[in-house]
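Working through the structure, step by step
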Amino acid sequence: MHAIVEGKRPLQSILYVDDEPDIREIVQMALTLEGDLTVHTAESGMDALRLIPKLKPDLVLLDAMMPQLDGTGTLKQIRASKPTASTPVIFVTAKAMPQEVERFVGMGAAGVIAKPFDPMKLREQVLAMWESLQDV
């Protein structure tokens, strides 16, 4: 599956936000294997809020549980800022029970990918969610 879907906006850049350096590295490697995606990383919600206006990623993948500013607080600030309000956000989190997914989506997230995830299937999951966003 390629990042470019005919007739739809291609997914070109992602910002992955997670406080765990090993997870950031795994996600970056998994998503860039085919070389057609640029994946930037941030180690905190505050770091992400500084980077999103500069990088203007097509998509933000966001961990829910981080020190200081957690994922939900980060999402609220992304949605509250005019330049970033429409940036699609997908949570990548161990908090993926149905009621939590419903809460994240209710807050404006595009979806949730459960941790632990299979690195070999992560790209496919992200691209499938991106495609569904393009159908809206």
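How each quantity is defined
Residues numbered from 1 in each chain as written. Predicted model: local features only at pLDDT ≥ 70, side-chain atom pairs only at ≥ 80, totals over all residues. Heavy atoms only, no water. Helix = DSSP H or I, 4+ residues; strand = E, 2+ residues; numbered from the N terminus. Rg over C-alpha atoms; globule rule 2.2 N^0.38 Å. Buried < 20%, exposed > 50% of the residue type's maximum accessible area, 1.4 Å probe, protein only. Contact = heavy atoms within 4.5 Å. Core = buried A, V, L, I, M, F, W, Y, C linked by side-chain atoms within 4.5 Å. Expected span 1.5 Å × (residues − 1). Pairing = 2+ DSSP bridges. Axes fitted to C-alpha atoms, helices over the stretch in contact; angles between N-to-C directions. Salt bridge = Lys/Arg side-chain N within 4 Å of Asp/Glu carboxyl O.

Some remarks on the overall build of the protein chain
From N to C terminus, the protein chain includes five helices and five strands. Going from the N terminus to the C terminus, the protein chain shows its helices and strands as β-α-β-α-β-α-β-α-β-α. On C-alpha atoms alone, the protein chain measures out to a radius of gyration of 14 Å, which is about the 14 Å that the 2.2 N^0.38 rule sets for 136 residues. Over its C-alpha atoms, taken along the principal directions, the protein chain stretches across nearly 35 × 30 × 30 Å. Across the 136 residues that make up the protein chain, the buried fraction comes to 44%. Counted over contacts in the protein chain with a minimum sequence separation of 6, partners at least 24 positions apart contribute 65%.

Observations regarding the nonpolar core
With 19 residues, the main nonpolar core has Leu 15, Val 17, Val 60, Leu 62 and Phe 91 as its most contacted residues. Elements that contribute at least two residues to this core include exactly strand S1 (13–17), helix H2 (45–55), strand S3 (59–62), helix H3 (71–80) and strand S4 (89–93). Ranked by residues supplied to this core, first place goes to H2 with four residues. Dropping the residues within four chain positions of it, Val 17 is found in contact with Ala 42, Ser 44, Gly 45, Ala 48, Val 60, Leu 61, Leu 62, Asp 63 and Met 66. If you look at the next biggest cluster of nonpolar residues, it comprises 18 residues, including Leu 11, Leu 37, Val 92 and Val 126.

Structural notes on helix H1 (residues 21–32)
Turn by turn, an α-helix covers 3.6 residues, leaving residues three or four places apart pointing in a common direction. Its twelve residues place the ends of H1 17 Å apart at the C-alpha level, agreeing with the 16 Å of an ideal helix rising 1.5 Å per residue. Considering only its buried residues, H1 is in contact with S1, strand S2 (38–42), S3 and helix H5 (119–134).

Thoughts on the environment of Met 129
Of note, Met 129 is situated in helix H5. In sequence terms Met 129 and Leu 33 are 96 residues apart; their C-alpha atoms lie 18 Å from each other. Apart from residues no more than four positions distant in its own chain, Met 129 is found in contact with Ile 90, Gly 111, Val 112 and Ile 113.

Let's talk about the sheet that holds S4
Strand pairing within a sheet occurs via backbone hydrogen bonds; the two strands may be parallel or antiparallel. A sheet is described by the order of its strands in space; here five strands give the open sequence S2-S1-S3-S4-S5, paired in parallel fashion. Both edges of this open sheet fall to S2 and strand S5 (111–114), since each of them pairs with a single strand only. In this sheet, neighbouring strand axes are inclined to one another by 25° on average, regardless of whether the strands run parallel or antiparallel. As defined by bridge partners, S1 adjoins S3 across four bridges and the pair is classed as parallel. Among the inter-strand pairings, Leu 15 is bridged to a residue of S3, identified as Val 60. Contacting S1, S2 and S3, H1 runs over the sheet at an angle of about 170° to S2. Contacting S1, S3, S4 and S5, H5 runs over the sheet at an angle of about 170° to S5.

Points about the pattern of salt bridges
One pass over the structure, following the stated rule, counts seven salt bridges. Taking the shortest distance from any N to any O, the salt bridge between Lys 115 and Asp 18 comes out at 2.7 Å. Of this pair, Lys 115 sits in the loop between S5 and H5 while Asp 18 sits in the loop between S1 and H1, and the two are 97 residues apart along the sequence. Grouping residues by exposure puts Lys 115 and Asp 18 together as buried. Note that Arg 123 is salt-bridged to Asp 36, the shortest N-O span being 2.8 Å. A residue pair is termed long-range when its members are at least 10 positions apart, and Arg 123 in helix H5 and Asp 36 in the loop between H1 and S2 qualify at 87 residues. Linked by salt bridges that have partners in common, Asp 18, Asp 63 and Lys 115 make up one network.

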